[in-house]
Amino acid sequence: MSRGKCQPFLTPLCFSSQHLLLFLLFVGPFNCFASYSRATELFYSLNEGLPAGVLIGSLARDLRLPTAGGQHPASLQPPLSFTLASHGLGGQYVQLDNRSGELHTSAVEIDREALCVESSGATILGGSAAVSSSSSSPESCLLLLDVLVLPQEYFRLVKVKIAIRDVNDNAPRFPVPHIRLSVPENAPVNTRLAIEHPALDPDMGTNGVQTYRLRDNYGVFTLDVEENENGERTPYLIVMGALDRETQDEYVTVIVAEDGGTPPLVGSATLTIGISDINDNCPQFNDSQLNVTLYGNSSLGTHVATVHAVDMDLGSNAQITYSYSQKVPQPSRDLFHLNESTGIITLSTKVDGDTPKLHRLIILGNGPGCIPAVITVLVTIIKVMMRPPEVVPRFIANEVEGVVYLKELEPINTPIAFFTIKDPDEKYKVSCYLDGDGPFGLSPYKPYNNEYLLETTKPLDFETQQLYEISIVAWNSEGFHVKKVVKIQILDDNDNSPVFSEELIELSIEENNVPNAFLTKLHATDADSGERGQVSYFLGPDAPSYFALDKSTGVLTVSTQLDREEKEKYRYTVKAVDSGFPPRESIATVTITVLDKNDNSPRFINKDFSFFVPENFPGFGEIGVISVTDADAGQNGWVALSVLNGSDIFVIDTGKGVLRAKISLDREQQSSYILWIEAVDGGDPALSSTAKITILLLDINDNPPLVLFPQSNMSYLLVLPSTLPGSPITEVYAVDKDTGMNAVIAYSIIGRRGPRPESFRIDPKTGNITLEESLMQNDYGLYRLLVKVSDHGYPEPLHSTVMVNLFVNDTVSNESYIESLLRKEPDISVEEKQPQISIEPTHKKMESASCMPTLVALSIISLGSIALVTGMGIYICLRKGKKHHRADENLEVQIPLNGRINLHMLEKKPVEISNI
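Residues numbered from 1 in each chain as written. Predicted model: local features only at pLDDT ≥ 70, side-chain atom pairs only at ≥ 80, totals over all residues. Heavy atoms only, no water.

(A) Quick peek at the overall build of the chain. For the chain, the count of helices and strands is 8 helices and 61 strands. Within the span of the chain, comprising 916 residues, buried residues form 37% of the whole. Taking all contacts inside the chain whose residues are at least 6 apart in sequence as the whole, residues at least 24 apart take part in 66%. Accessible area of the chain: about 53400 Å², with a carbon and sulfur share of 53%. (Helix = DSSP H or I, 4+ residues; strand = E, 2+ residues; numbered from the N terminus. Buried < 20%, exposed > 50% of the residue type's maximum accessible area, 1.4 Å probe, protein only. Contact = heavy atoms within 4.5 Å. Areas by Shrake-Rupley, 256 points an atom, 1.4 Å probe, with all protein chains shown as cover.)

Okay, here's the thing in C-alpha cells:
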C-alpha cells in the first residue's frame, strides 16, 4: 500500500479555475481562509481481498492540515470533521473516521474482478463514490470518493482515488470440460490448428493465463501460444509427426493452462484429437485366384463363387464395387452373373453341349480414386450325360415360399406333404430317403408307386426346437442323386405355464421400514413365445392389502411400516399369469420374516411394586419377584435388572428378577425402603425403563416392653397414711419399639409383699397405681409390688418386670434402714394372672357402623314375628292339653314396680371376660 500526496489540477498551489476566482475576491480580508479552501486530489492504492480495518491513508496528514502543536486533528478548536459527500458504490468498501480523517477498509471485501470489467473501460458512478475501470494500466480499477473537510475555516472538497491492485486469486478455467479437435491423417508436419476454447482467467497482467502444455503429447503433438494486439493468448496444436488413422484414429490427453502468479495456478480440460480419414487405402483381395467346379446339369441361379475385397478406409472411401475386366469374353459374362455390390457369382443361363468347359473370369475390385484390385476365378464345367431324378412335392400342411408351418400341438402322424419321385429318362430305377434329424418320417404311400408321404412321428415342441431343415434325397441306379430341401417351422402354442425361479420365496425386512419399501423382484419364465410368453404378476387372495406387486415388473413392495411385535411372519401366495388364450398360471408362496429392531423399551407389569416383608427376614431371602417384559426379540428383548439406589443393601437377580436383601432387616431401625429398579435391554443403542419398589417391613414381636419409670428396682416412694382411697400413688411407664398389637402394653401386679399388699392396684392400660382402701395404723411399712409389663405380641407375648417400692409412713426418718430392706431379696410369690384389656378400636369400629343396629333390629323383628306366630300356635295346643296341671306349675315371680332391688344382696360370682 502506498501513501498518496497532494496532486494539483492546474497550479502547484492546487487551485482550480473557480477557486482561483474566489481567491482573488477574498484574498485581502480572508487570506487565511482562502489558503485552505482548495480542491485537492489524493491517490492511494491497495491489494484486493484485504480484511476489514486495514489503513488506506490518513487524509489529515496527507493534506497537511494544521494541528494544535502536533496534536490529533480532533483536538483543534473547532475540531476538524471529515465526511463522505455521499455513500455510493465505492463507499461501502471503506470506513472514514470523521475526526481523525483515517481511511480504512470495511467489512465488505474488495474483489477486483467483480468491481471492474476489464473490457468495458467505463466508469460506474455512484454519487460521490464510484468505481472506474480501464484497460490502459495496471491501476485501471479505481474507487472514487468525494470527502468534505469541515469546519468552514478549513473547508475543502477532496477527490480520493483508490487504485485496486490485482492479486492472483483466480485459477485459469476452460469454458468447457471437454475439447474436441479434428486433424486429417494426411496433415503435414508443423500444421497449426487453433484450439477454439482457450482458458479464461479473471486476473490481469501476469496473473492471467501465460502458458499451455499437454500432459501427454504421444510424440506427435505440441502446443504453441500466440498473443494478439489486445493481449489475448490463444493456444495452437502443432502436428510434429506423421498421422495414420488406420493405425490410431484418436488421441486423448489433457490440456493444462497456467497463469503467471506466485505460486502459479492451473486449470485443465480433456482434449480429444480425432484423426479424420482420407482415401489413402485401396481395395485388396486376400487371394489372387479362385478355382471352382460346376456340374453341367446345375440349375439356374446356382451359386458359383463369391469374391470379397477389403478397404481399410471408412465410409465412402471404403465403398467397393465389383466388375468384370474387359478381358472377360461376352459368352462368359452371359453365362455367369456377377453382383457388383456383393461379389456373388451365380449361373445365369443353362449349360448345354456347346458351352466351353473352362471359363477364366477376371474380376476387378473398384474403390474411389484407386487402381482396381484384381482376382481371377477359374470355373471348370463337368458335363453330365444323364438327367438327375426329379422330386415333385405336393404340400398338405401350410407352406409359404418353401417353408412349412406346423403347430407344436399337432398330433403324431400329421401329414405334411406328398413327394413324387421319377426318372425323366425313364431308364433308371429311382429310390428316395429322408436326410436330416427331427420327429419326421418318409414312407411309401401305397398302392401308388413312387409316391412318398412325409409326416410327423413324435410330438413337436416349439421350446425344444423351432426350425427343422430336412432333405428328400432321390437317387437312381447309376448313383446320381438330387436333394429337395424342406424347411419346417414349428409354431408356438400356449402349452407352457409360467415357472417361478423359486416356488418358496423367503424374504426378510427390518421392522419400522419406510413406506413403499422394496422387498424383492419376482421372476417367472414362460417357455412360450410372443404374447404367450409374456408374464404378469398378481397377489393371491390371502395377501394383506398393504403389500403391492407391480403387474409388469414383478417388484414386490410394502406400503406401510411393519411392526414385528404386531406380526412377525407373513405368508401368502403370488401368481404368474401368461397372456395366452386361455391363459395359464402358476403359484408361488412368499414368506416374509419381519426382523426385530430395538424399538420397545422394557416394560414392568406395574409402575409401582409393593412388598410386605416381616422384619428379621434372613439375608438373601426372596423378598419378591420383579416382572418385566420386552416385546422385542433376541438380544433386543434380553433384559438386565439393576438397583439404582440402595445397592449396598439390596440385590436383584438379573435373569429371574428376584429381589433380595443382603442383610436381615430390622423394622425398628427403618420401617420401609423405596428402591428404583432399572431395566435395560440388550439392543444397540439400549433402551431402558424404571420402576418404583416399596418395601414395607412387617413388625415381629422381637422387642419386650422397656420400662422407663421407675428407673430402678431400688427406688421407693413415700406414701402418707392419710392418703385417701382412689388417689393415684405412682405409675409404671413403659414403651415397646414394636408396632400394632406387638406394642399394646398391659400392666399387672404379679407379686405383692407388705403389711396389707392388697391395698394397691394398677390400671392395666395406663400403669397408674392407686390406693384402694384407707390405710390403718398397722398398715405402716414397706410394700413391694412386682409389676409385669407385657405386650400383646404374636405368637408369644414378651414382657418385662419392675419392682415398685412404696413406703407407708408419715416421714422418712431412716433412709439407710429402708435401703437395707430394699437390698434384701423379697419373698414374693408370683401370681399368674393375665391382665384383661378391652380393645377400644374394635368398639369404635362397631360404633362407626351406624347401619348395623338397624339391620340387627330388622332381623330381630322378622325373627320375632315368626317366633311369635309359631309360639302362639304351640301355646294354644299346650293350653288345651294341659289345663289340669296349671295349679302345680305356677312359678311366676312378681316384682314390685315401685320397689328397689338391693343388688348388694345378690350373690357375687366371678365373671370371666375374654376378648373376642
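(B) Summary view of the packing of aromatic side chains. One pass over the structure, following the stated rule, counts 18 aromatic pairs. On the basis of an interplanar angle of 85 degrees and a centroid distance of 5.2 Å, the ring pair of Phe440 and Tyr468 is categorised as edge-to-face. Here Phe440 is found in strand 31 (residues 440-444), whereas its partner Tyr468 is found in strand 33 (residues 467-476), with 28 residues between them in sequence. Of the two residues, Phe440 and Tyr468, neither departs from the other in class, the shared state being buried. Ring geometry for Phe547 against Tyr570: centres 5.4 Å apart, planes inclined by 70 degrees, an arrangement best described as edge-to-face. Of this pair, Phe547 sits in strand 40 (residues 547-549) while Tyr570 sits in strand 42 (residues 569-578), placing them 23 residues apart in sequence. Pairwise contacts between aromatic rings join Tyr546, Phe547, Tyr570 and Tyr572 into one cluster. Directly above the ring of Tyr236 sits Arg192, whose terminal nitrogen or CZ lies 5.2 Å from the centroid. (Phe/Tyr/Trp six-rings, centres within 6.5 Å; stacked < 30°, edge-to-face > 60°. Lys NZ or Arg CZ within 6 Å of the ring centre and 35° of its normal.)

(C) Summary view of the side chain of Thr40. Locating Thr40 in the fold gives a position in strand 1 (residues 40-47). Only 3.4 Å separates the side chain of Thr40 from the side chain of Arg156, close enough to count as a polar contact. (Polar contact = N/O pair within 3.5 Å; in protein donor to acceptor, adjacent residues only side chain to side chain.)

(D) The arrangement of the sheet that holds strand 57 (residues 745-753) in detail. Read across the open sheet, the 4 strands follow the order 54-61-60-57; overall the sheet is mixed. With partners counted over all chains shown, the strands left at the sheet margins are strand 54 (716-719) and strand 57, one partner each. Adjacent strand axes in the sheet meet at a mean angle of 30 degrees, parallel and antiparallel pairs treated alike. Note that strand 54 and strand 61 (residues 799-808) share 4 bridges and pair parallel. From the neighbouring strand, Leu718 faces strand 61, where its bridge partner is Phe807. Packed onto the sheet, helix 6 (residues 815-823) meets strand 54, strand 60 (781-791) and strand 61 and runs at close to 45 degrees relative to strand 60. (Pairing = 2+ DSSP bridges. Axes fitted to C-alpha atoms, helices over the stretch in contact; angles between N-to-C directions.)

(E) Inspection of the sheet that holds strand 50 (residues 658-661) at higher detail. Read across the sheet, 3 strands follow the order 46-50-49 without closing on themselves; strand pairing throughout is antiparallel. Strands with a single pairing partner mark the edges of an open sheet, and in this sheet they are strand 46 (622-625) and strand 49 (650-652). Averaged over all pairs of adjacent strands, the angle between their axes in this sheet comes to 25 degrees, without regard to strand direction.

(F) Seen up close, empty space enclosed by the protein. With the rule as written, the count across this model stands at 1 cavity of 30 Å³ or more. Considered as a void within the structure, the largest cavity measures approximately 40 Å³ in volume. Looking at the largest cavity, the residues that line it are Leu46, Asn47, Leu50, Tyr93, Thr105, Ser106, Val108, Glu109 and Ile110. When its residues are assigned to classes, the lining of the largest cavity shows 5 nonpolar, 3 polar and 1 charged. (1 Å grid on protein atoms, 1.4 Å probe; cavity = no way out; pocket = protein on both sides within 12 Å on 5 of 7 lines; lining within 4 Å. Points joined across faces, edges and corners; volume = space filled by probe spheres on them. Nonpolar A, V, L, I, M, F, W, Y, C, P; charged D, E, K, R; others polar.)

(G) View of the environment of Tyr218. Examined against the element boundaries, Tyr218 turns out to sit in the loop between strand 12 (209-214) and strand 13 (221-227). Separated by 23 residues in the primary sequence, Tyr218 and Gly241 place their C-alpha atoms 9.7 Å from one another. Apart from the residues lying within four places of it in its own chain, the contact partners of Tyr218 are Tyr251, Val252 and Thr253. From its side chain, Tyr218 meets the backbone oxygen of Val252 in a polar contact 2.5 Å long.

(H) Expanded view of the pattern of salt bridges. If you walk through the whole model with that rule in mind, you get 21 salt bridges. For Lys159, the salt bridge is made with Asp146, and the minimal N-O distance between the two is 3.3 Å. Of this pair, Lys159 sits in strand 9 (residues 156-165) while Asp146 sits in strand 8 (residues 142-150), and the two are 13 residues apart along the sequence. Its relative accessible area of 33% is what places Lys159 among the partly exposed residues. In this structure, Arg667 engages Glu668 in a salt bridge whose closest nitrogen and oxygen atoms are separated by 3.0 Å. By relative accessible area, which is 10% here, Arg667 ends up buried. Several salt bridges share partner residues, and in doing so they unite Arg564, Glu565, Glu568 and Asp596 into one network. (Salt bridge = Lys/Arg side-chain N within 4 Å of Asp/Glu carboxyl O.)

(I) Main features of the nonpolar core. The biggest cluster of nonpolar side chains holds 28 residues, and the ones touching the most others in it are Leu59, Phe82, Leu103, Val147, Val160 and Ile162. Elements that contribute at least two residues to this core include exactly strand 1, helix 3 (59-62), strand 3 (81-84), strand 4 (94-96), strand 8 and strand 9. What Leu103 contacts, discounting residues up to four positions off in sequence, is Val54, Leu55, Ile56, Gly57, Val94, Gln95, Leu96, Leu145, Val160 and Ile162. By size, the runner-up hydrophobic cluster in this structure holds 25 residues, among which are Tyr322, Leu335, Leu361 and Ile381. (Core = buried A, V, L, I, M, F, W, Y, C linked by side-chain atoms within 4.5 Å.)

(J) The state of the cysteines, seen in detail. Applying the stated criterion across every chain yields a total of 2 disulfides. Each sulfur in the disulfide pair Cys116 and Cys141 lies 1.7 Å from the other. For the disulfide bridge between Cys116 and Cys141, the dihedral angle about the S-S bond is near 70 degrees, and by the sign convention the bridge is right-handed. On the criterion of sequence distance, the pair formed by Cys116 in the loop between helix 4 (112-115) and strand 6 (123-124) and Cys141 in the loop between strand 7 (129-132) and strand 8 is long-range, its members being 25 residues apart. Using a relative accessible area of 4% as the deciding quantity, one classes Cys116 as buried. Each sulfur in the disulfide pair Cys282 and Cys370 lies 2.3 Å from the other. Across the S-S bond linking Cys282 and Cys370, the dihedral sits near -85 degrees, which makes this disulfide left-handed. Here Cys282 is found in the loop between strand 16 (266-276) and strand 17 (284-285), whereas its partner Cys370 is found in the loop between strand 24 (358-366) and strand 25 (373-382), with 88 residues between them in sequence. In this structure Cys282 comes out as partly exposed when scored by relative accessible area, which is 32%. (Disulfide = S-S within 2.5 Å.)

(K) Examining the pairing of strand 21 (residues 321-324) more closely. Along strand 21, the buried face is formed by Tyr322 and Tyr324; none of Thr321 and Ser323, which line the opposite face, is buried. Sheet topology places strand 21 next to strand 24; 4 bridges connect them, and they run antiparallel. In the sheet register, Tyr324 faces strand 24, and the bridge partner there is Ile363.

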